[in-house]
Amino acid sequence: SLFKTNAFIEEGQTVSKEAFKQLTEQDKFRYCLQVRGITINDAELFFDMLCTLSDGDEPDIDTLVGALLRMKGNATSVDLHSLTFEMKILGRAHAAFMKEC
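These figures come from a predicted structure and were not determined experimentally. (Residues numbered from 1 in each chain as written. Predicted model: local features only at pLDDT ≥ 70, side-chain atom pairs only at ≥ 80, totals over all residues. Heavy atoms only, no water.)

Quick notes on helix α5 (residues 61-70)
Inspection of α5 places I61, L64, A67 and L68 among the buried residues, and these make up the whole buried set. In an axial view of α5, the angular spread of the buried residues amounts to 135°, which keeps them on one side of the axis. Measuring from the side-chain oxygen of the N-cap residue of α5 to the backbone nitrogen of D62 gives 3.0 Å; that N-cap residue is D60. (Buried < 20%, exposed > 50% of the residue type's maximum accessible area, 1.4 Å probe, protein only. Helix = DSSP H or I, 4+ residues; strand = E, 2+ residues; numbered from the N terminus. Arc of directions from axis to C-beta. Polar contact = N/O pair within 3.5 Å; in protein donor to acceptor, adjacent residues only side chain to side chain.)

What follows is the structure, given as C-alpha cells:
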C-alpha cells in the first residue's frame with residue numbers, strides 16, 4: 001500500500017500529524033490522490049478533523065484511509081467534512097453548556 005511504502009504505517013497503527021504532513025508533501029502521494037479525484041488543500045485541518053472524529057490525538061490508518069476515500073469528488077466534499085468537524089465541536093460545546101445549566 002502507498003502508506004506502507006511511503007509512510008511506513010502498518011495496518012492498525014495510528015498516524016501522527018508529522019507523518020501525515022510529510023506524506024502529503026510527497027508528489028507521489030498527492031498524484032495518487034489526484035488520480036482518484038481526491039484533493040487535500042489543507043492537510044493540517046483535514047488531520048485535525050480526523051483526530052476529532054476518532055476521539056484521540058492520532059487517527060488509526062483505517063480511519064484515515066476511509067476518510068480519504070470519502071473525499072472523492074469536488075471541493076464540496078471538503079466543505080462537507082469541514083462542516084461535520086464544526087458541527088462536532090458545536091455539539092460538544094452545547095453538551096458542556098447543558099451540563100452547566
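Right, picking up where we left off after that structure.
A closer look at the pattern of salt bridges
With the rule as written, the count across this model stands at two salt bridges. The salt bridge partner of K17 is E44, with a shortest N-O separation of 3.6 Å. Highlighted residues: K17 in helix α2 (residues 17-24) and E44 in helix α4 (residues 43-53), separated in sequence by 27 residues. Here D48 makes a salt bridge to K17, at a shortest N to O gap of 3.0 Å. Here D48 is found in helix α4, whereas its partner K17 is found in helix α2, with 31 residues between them in sequence. (Salt bridge = Lys/Arg side-chain N within 4 Å of Asp/Glu carboxyl O.)

Things to note about helix α3 (residues 27-35)
If you check which residues of α3 are buried, you get F29, C32 and L33. All buried residues of α3 fall inside an arc of 95° around its axis, so they share one side. Opposite the buried face of α3, at more than 90 degrees from it, the exposed residues are D27, K28, Y31, Q34 and V35. Within two residues after α3, G37 carries a phi angle of roughly 80°, on the positive side.

Nothing here speaks to function; it is all geometry.
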